[in-house]
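If you want the building blocks of each chain, they are given just below.
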Amino acid sequence: MDARVTANHNSEVSRSDVELVAAINRGDAAAFEVLYFRHRDWVTGLAYRFTGDSDAACDVLQETFLYFLRKFPGFRLTANLKTFLYPAVRNLSIAARRKAARYQATPAELEQLEQAPAPPAVGAEAGDLQIVLAALPDEQREVLLLRFVDGLSLAEIAAAMDIPLGTVKSRLHNALQTLRQDERTKAFFDR
Amino acid sequence: MHEPDNNPHDQDEALEAPPKLVAALKRLPQEPVFVPPTADEAVLRAARGHLERPRPVRVGWFRFMPWVAAAAAIALLAVIPRFFKPPTPGSVRDSALARWDLNSGRHVDILDAFALARQLKQSGARNLQWDVNGDGVVDERDVAAIAARAVKLEQGGRS
């Protein structure tokens, strides 16, 4: 009995996101669980990147997956699931930050909440890169991180951020150019 | 607001980061976010509640239409010939005559009279449904009425 359960679990884990979504559409809660744990850490990390707060990131995680859950039955996955989750995480993160700051921020500060916070301060070793990243425009930094940390393709980033592919390329190019030209980070480009 | 789509950076080589930079970006310290098991459980419980909810079964009455149609067709096939069948002399076709047909032989004949006579003799039947002459009592006069009717009907051609 246990062996069969384990075998079923293993077969679930090896299924693609598309196959899991199809199973969830048939009412398979176990498939949802596999999909949840497959993307949980990415969603949490992304939410933390936007909110800068662990508790808020956990709230966003839950709300994101509840939002995702409400799409069933009838959800059709036609691209990388991250491209669907990304805007949800971003919007829910902004809402969480607004909610947290509602009673202590001025309208100008609320405006600032629309922009993602800079990465947290770190030690001296990685500090230079972190400082230069923090100085990048938010939209450039986000494209850079989505591309090289989260591993999304340019097209997936365009879909996730709902911007043209050319805009993604432009932002990424400008971000890399800044890093290439900055004294503190140009060593990363030495061959 | 989208930025203009026409940009000079269409060469994907310019959009690649050196491996050293990619590695450094991935190593960037990020505060580990602890997701409490209760948060996981809340999401998964909601998922079970949402996905395993019994869905309304779409059983339309039309699902049984073929069977209903088949049954109706069979019933019609069984009934229609009766309408076209020429009446046999003495056959019981209407309810007015049906009450005379005591033995359900589909004809009013002398056997019905015998049947009522036997009932009267054995049990003194007083069932008013056998009061064929409508005088309020069931007796020998009803037997006689049936017999007279049987004779009258048989005069119509039945031998």
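Numbers given to residues run from 1 along each chain, matching the order in which its sequence is written. Written order decides the labels, with chains lettered from A and ligands numbered from 1. The predicted nature of this model means local features are confined to residues of pLDDT at least 70 and side-chain atom pairs, given and counted, to a pLDDT of 80 or more, with totals for whole chains, interfaces and linings taken over all residues.

Of regular secondary structure, chain A possesses 10 helices and 0 strands. Along the chain direction, N to C, the helices and strands of chain A fall in the order α-α-α-α-α-α-α-α-α-α. Counting only residues that meet the buried cut, chain A has 35% of its 191 residues in that class. Note on contacts: residues are paired as contacts if their backbone-placed C-beta atoms lie within 7 Å. Within chain A, contacts between residues separated by at least 24 positions form 57% of all contacts whose residues are at least 6 apart in sequence. Starting at the N terminus, helices and strands are each numbered in turn, a helix being any DSSP run of H or I of at least four residues and a strand any DSSP run of E of at least two. Using C-beta atoms placed from the backbone, we call a residue buried if 20 or more other C-beta atoms fall within 10 Å of its own, exposed if 12 or fewer do, and partly exposed for counts in between.

To continue, consider the interface of chain A and chain B. Many authors give the size of an interface as the accessible area that is lost as the parts come together. The partner chain B presents 35 residues to the 40 residues of chain A that form the contact. When residues of the side of chain A that touches chain B are traced back to their parent elements, those giving at least two are helix H3 (29-51), helix H4 (54-69), helix H7 (124-135) and helix H10 (165-181) of chain A. A breakdown of the residues in the side of chain A that touches chain B according to their chemical character gives 26 nonpolar, 10 polar and 4 charged. Gly is placed with the polar residues, together with every amino acid not listed as nonpolar (Ala, Val, Leu, Ile, Met, Phe, Trp, Tyr, Cys and Pro) or charged (Asp, Glu, Lys and Arg).

Let us look at the nonpolar core. Ranked by size, the top nonpolar core spans 51 residues in total, and within it A:Ala47, A:Ala57, A:Val60 and A:Val89 carry the most contacts. By residue number, the principal contributor to this core is H3(A), which donates 9 residues. Both domain 1 (1-117) and domain 2 (118-191) of chain A contribute no fewer than three residues apiece to this core. If we ignore the near neighbours within four places in the chain, the residues touching A:Ala57 are A:Thr44, A:Ala47, A:Tyr48, A:Thr51 and B:Val33. Buried Ala, Val, Leu, Ile, Met, Phe, Trp, Tyr and Cys residues form a nonpolar core when they are connected through C-beta atoms within 7 Å. Bear in mind that the domain bounds are from an automatic or database domain assignment.

Glancing now at the packing of helix H2 (residues 17-25) of chain A against H3(A). Axis angle and axis distance: for two packed helices, these are the angle between their axes and the distance between the axes, and together they describe the pair. All names here are of chain A. At a closest axis distance of 7 Å, the pairing of H2 and H3 adopts a crossing angle of 145 degrees. Between H2 and H3 the crossing geometry is left-handed. Touching Asp17, Leu20, Ala23 and Ile24 of H2 are Ala31, Phe32, Val34 and Leu35, all from H3. To define axes, lines are fitted to C-alpha atoms, for helices over the stretch in contact only, and angles between the resulting N-to-C directions are given on a 0 to 180 degree scale. By definition, turning the near helix anticlockwise from the far helix through less than a right angle yields a left-handed crossing, and turning it clockwise yields a right-handed one.

The next thing to look at is the confidence of the model for chain B. All names here are of chain B. Model confidence for chain B is summarised by a mean pLDDT of 73, while 67% of its residues fall at 70 or above. The element-level mean pLDDT for chain B is lowest in helix H4 (residues 95-98), coming to 60, with helix H2 (residues 37-51) highest at 90. Per residue, pLDDT captures the predictor's confidence, and it can take any value from 0 to 100. Note on residues 1-6: pLDDT under 50 across the span, and 9 contacts to partners over four residues away in sequence or across chains. Predicted complex, confidence summary: ipTM 0.70, pTM 0.57.

Attention shifts here to helix H5 (residues 110-123) of chain B. Because an α-helix completes one turn every 3.6 residues, residues spaced three or four positions apart along the sequence face the same direction. The end-to-end C-alpha distance of H5(B), which contains 14 residues, comes to 20 Å, matching closely the 20 Å that a straight helix rising 1.5 Å per residue would cover. B:Gly124 occupies a position one or two residues after H5(B) and carries a positive phi of about 60 degrees. One less than the residue count of a helix, multiplied by 1.5 Å, gives the span that helix is expected to have.

Time to look at H2(B). Compared with the 21 Å implied by 1.5 Å per residue over 15 residues, the 21 Å span of H2(B) between its first and last C-alpha is a close match. Buried within H2(B) we find B:Val43, B:Ala47 and B:Leu51. Here the buried residues of H2(B) occupy an arc of 55 degrees about the axis, which is enough to place them on one side. Opposite the buried face of H2(B), by more than 90 degrees, sit the exposed residues B:Pro37, B:Thr38, B:Glu41, B:Arg45 and B:Gly49. Contact partners of the buried residues in H2(B): H2, H3 and H4 of chain A. Arc, as used here, means the arc of the directions from the helix axis to the C-beta atoms.

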